[in-house]
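Take a look at the letters that make up each chain.
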Amino acid sequence: MQSRFVIERIEAWILDIPTIRPHKLAFGAINRQSPVIVQLWLRHGACGFGEAATIGGPSWNEESPESILHAINAYLAPCLIGQDGGSFGRVLTRMDTFCRGNAFAKSAVEMALIDAVSRSLELPAYQLLGGKRHDSLPLAWTLASGDVRKDLEEAQLRLEQKRHRIFKMKIGARSPADDVAHVSQIARGLEGKATLTVDVNQAWDGSTARRFLPQLIDAGVTLIEQPVAKWNREALKVLSASLGSSACIMADESVCTPQDAMALARDQACQVFSLKVAKHGGLLRTLQVAAVAEAADIGWYGGTMLETSIGSAASAHVFATLGDQHHGCELFGPQLLVDDIVTARMPIVDFELQLPDGPGFGIEVDLGQLERFDRARTGLNAV
Ligand code: MUC
Ligand code: MG
């Protein structure tokens, strides 16, 4: 019998969307996001949308918008046309056979496929991923203007609006002592009102982390993301053991594959995994990494690559299926962009992001907005 989910056509393109302010991270500042959008058509069904966003071109990891677009157009789309899109596992294996690595590119294609199949079945995507266990998740915001006064203004406004009360600070670009001073000033300004986390994005070596993390914890930080290089599991292990119960170490760049997750769990190298659909290579592989976390008594955090509402809604669907050992999510990407590419964003109520319940990822893409930000039309260059 012919599957009703035969993959008919896949198209991909790059958008360039400015951010509302410069977003400063350890490895540089970004002024725009350049997500790769994928549209996938089923022969007898609906079409779906997927997205893969990087931060600062290939600065966060090896993939860039241009490499993602190339992998999809040259290898992933051709190997999937005419295949049964309803067999997700087979689709993933086929993509792996024709193209090693390239997790971000594969995640965008798999996302569009899951959107299309769930729309064809008129079901929300979370239903195909095991069913939801959360209707909403606490939503963090990242303070990354680089300026204490502006960061505090941003935080106060978001507290008043009841949008965010978890704030993540991006550090690692300045000297560690300056970073500690910056974080301490913000912590004093927000004392008793918010949960504070930091993301070092691999910028420190083990001894810098051993020296300065206790100072951040004294200032009030309770979750520390990727303080050292992604390969430095030994340092993560030492830090996790020495910090005790005062704060949690969260792996981000260090945890991409289920094998990474196993190694971190075996070494007891962190207490939390930041889950991100793109780096894991899709929604199903996010579930695999999350399963390792659950089995190893490691908590999870719903991470972002600063996607538009397409990637953010897809991430919300998979995060909604996970257990209770979580530290909230940071699917705030749409709010950092000057505009979005959907007709309505996911609502935020009482500091929580609300999971959209419609078919697919529950959001409707605005085709006019796709055209407006299309790199082929605007003629912008790579970062
Ligand atoms: C990262 O490494 O977590 C997520 C939020 C943010 O501000 O930057 C990203 C990347
Ligand atoms: Mg991170």
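About the cut-offs
Residues numbered from 1 in each chain as written. Chains lettered and ligands numbered in written order. Predicted model: local features only at pLDDT ≥ 70, side-chain atom pairs only at ≥ 80, totals over all residues. Heavy atoms only, no water. Near = heavy atom within 4 Å. Areas by Shrake-Rupley, 256 points an atom, 1.4 Å probe, with all protein chains shown as cover. Helix = DSSP H or I, 4+ residues; strand = E, 2+ residues; numbered from the N terminus. Nonpolar A, V, L, I, M, F, W, Y, C, P; charged D, E, K, R; others polar. Buried < 20%, exposed > 50% of the residue type's maximum accessible area, 1.4 Å probe, protein only. Pairing = 2+ DSSP bridges. Right-handed = clockwise from strand over helix to strand, strands pointing away. Phe/Tyr/Trp six-rings, centres within 6.5 Å; stacked < 30°, edge-to-face > 60°. Lys NZ or Arg CZ within 6 Å of the ring centre and 35° of its normal. Expected span 1.5 Å × (residues − 1). Bend = angle between axes of the 7 residues up to and from the residue. Contact = heavy atoms within 4.5 Å.

Details of the site of ligand 1
The full set close to ligand 1 counts 16 residues, and His23, Trp60, Lys170, Asn201 and Lys276 are the nearest of them. If ligand 1 stood free it would expose 280 Å²; the protein chains cover 100% of that surface. Among the elements of the structure, β2 (17–25) and β8 (166–170) are those that each provide at least two residues to the shell around ligand 1. Tallied by class, residues from the shell around ligand 1 come to five nonpolar, four polar and seven charged.

Details of the pairing of β8
Taking burial as the measure, the five residues of β8 include five buried ones, the bulk of the element. Neither face of β8 is open: one carries Ile166, Lys168 and Lys170, the other Phe167 and Met169, and all of them are buried. Bridge count for strand β7 (residues 140–143) against β8 is four bridges, and the pairing is parallel. Paired with threonine 142 across the strands is lysine 168, a residue of β8. For the crossover from β7 across helix α5 (residues 148–160) to β8, the handedness is right-handed. Following the chain from β8 across helix α6 (residues 176–189) to the adjacent parallel strand β9 (residues 195–199), one finds a crossover that is right-handed.

So, the packing of aromatic side chains
Within this structure, the stated rule accounts for four aromatic pairs. Ring geometry for tryptophan 204 against phenylalanine 212: centres 6.1 Å apart, planes inclined by 55°, an arrangement best described as tilted. Each ring, one from tryptophan 300 and one from phenylalanine 319, has its centre 5.9 Å from the other, and the planes form 35°; the classification is tilted. Here the residue tryptophan 300 occupies a position in strand β13 (residues 299–302), and phenylalanine 319 occupies one in helix α12 (residues 309–319), the gap between them amounting to 19 residues. Here tryptophan 300 and phenylalanine 319 have matching classes, each one buried. When the ring centre of tryptophan 41 is taken as reference, the NZ or CZ atom of arginine 9 above it lies at 3.8 Å.

So, helix α7 (residues 206–219)
An ideal rise of 1.5 Å per residue puts 20 Å on 14 residues; α7 measures up with 20 Å between its terminal C-alpha atoms. At phenylalanine 212, α7 shows its strongest bend, of approximately 30°, with the proline proline 214 following within four residues. Listing the buried residues of α7 in full gives Gly206, Thr208, Ala209, Phe212, Leu213, Leu216 and Ile217. Buried-residue contacts for α7 involve α6, β9, β10 (221–225), α8 (233–243) and β11 (248–251). A positive backbone phi angle near 125° is found at glycine 220, which sits one or two residues after α7.

Keep in mind these values describe shape, not function.
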